Amino acid sequence: MSIDDDLVRRLVAGRFPRWAGLPVERLPSGGTVNAVYRLGDELLVRLPLAEGGVADLLREREWLPLLAPRLPVAVPEVVGAGEPAEGYPWPWSVYRWLPGRVPEEGSLDDPMGLAADLAGFVAAMRGLGLPGTPPRAHRGGPLDALDAATRAAVDALRRTPEEDVDGDAALAVWEDALGAPGEAGPPVWLHADLMPGNLLVAGGRLAAVIDFGCAGTGDPACDLFPAWNLLPSAAREVFRDALGVDDAAWRRGRGRALSQALIALPHYRTSNPAMTRNARHVLRAVLTEDRAGSPQTA
């Protein structure tokens, strides 16, 4: 869907006259599901770019009010529910602006503190008990459901020698993850998309977690992504220790992070610099950890 500043102004003016006339500014984003606009100083507008993003937006409207008071950091607050208009065919939402900046892998101000904060957030999500029937997380189902796509991505990267990905090493880590025991307990609440672009930091510490469109219940290993997509090795161990992650869950989490990076890299390498940069970072982190023969790795 083609979205521009003028469309957003018209949508806001028609649905929320009290905000008509506020400055509208599109924000740069590595996300692939929504267009994101700042509205004045205190608001943010998110609009799905395709019909597939609508369910995520509606999921946030339903669950964020229940999640927010139970989590240790700020999360998005929906303050306006937009509806189709002006030729735009889907629901859209207005959120309260959250201050902070997106952390960048390799340049964290306080990686140990951030690791502890992330562990606290993940633990709080896992401990949630909310009324109603929770949705299934978009990620967090059986790991073998990703097998065909992961192997196809490895094949694609073998045909892309400039990426210099060791396909054999990647498959060895992936097969180790597939062989890890599954979670013995019931599914737990997950954010399910803990990419750097969905985190906000201030003073080096975690200030907010955003984009809950994938949230729901599933394998707790799914929320270990920051161990490889953001944290350096020493902070990775702080994160793991704080959560008490056993060997099987670590192997599954590492495989999930690897699979996501393998699939993202050939798909986005010419179109999305942020996703591409992070995928390369994950591959280096995972394969270096494996070659290092970590005592925590089976």
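Residues numbered from 1 in each chain as written. Predicted model: local features only at pLDDT ≥ 70, side-chain atom pairs only at ≥ 80, totals over all residues. Heavy atoms only, no water.

Describing the packing of helix α3 (residues 111-126) against helix α7 (residues 233-243)
Put simply, the rule reads: Angles here are taken between N-to-C directions and fall from 0 to 180 degrees, while the axes themselves are lines fitted to C-alpha atoms, restricted in helices to the stretch in contact. Strands here are runs of E lasting at least two residues and helices are runs of H or I lasting at least four, both read from the DSSP assignment and numbered beginning at the N terminus. Geometric relationships in this document are graded by angle, where less than 35 degrees denotes roughly parallel, more than 145 denotes roughly antiparallel, 65 to 115 denotes roughly perpendicular, and other angles denote oblique. Each crossing is labelled by how the near helix is turned from the far one, with a counterclockwise turn of less than a right angle marking it left-handed and a clockwise turn marking it right-handed. In what follows, a contact means two residues having at least one pair of non-hydrogen atoms within 4.5 Å. We call Asp, Glu, Lys and Arg charged. Ala, Val, Leu, Ile, Met, Phe, Trp, Tyr, Cys and Pro are nonpolar, and the rest, Gly among them, are polar.
Contact pair α3 / α7: the axes reach a minimum separation of 8 Å and the direction vectors enclose 30 degrees. It follows that α3 is roughly parallel to α7 by the angle criterion. Handedness of the crossing formed by α3 with α7: right-handed. Across the interface between the two elements, P111, M112, A115, A116, L118, A119, V122, A123 and R126 of α3 pack against A234, A235, V238, F239, A242 and L243 of α7. Of the residues that constitute the contact of α3 with α7, the class distribution is 14 nonpolar, no polar and one charged.

What about the sheet that holds strand β1 (residues 24-26)?
Applied cut-off: Any two strands between which DSSP finds at least two bridges are classified as paired.
An order of β1-β2-β3-β5-β4 is seen for the five strands of this open sheet, with the pairing classed as antiparallel. Since the sheet does not close on itself, it has two edges, and those belong to β1 and β4 (78-82), each with one partner. The sheet shows a mean angle of 25 degrees between the axes of neighbouring strands, taken without regard to direction. Across four bridges, strand β3 (residues 43-48) lies against strand β5 (residues 92-96) in antiparallel orientation. Bridging across to β5, R46 finds its partner in S93. Along the sheet face, helix α2 (residues 54-67) touches β3, β4 and β5 and points at about 45 degrees away from the line of β5.

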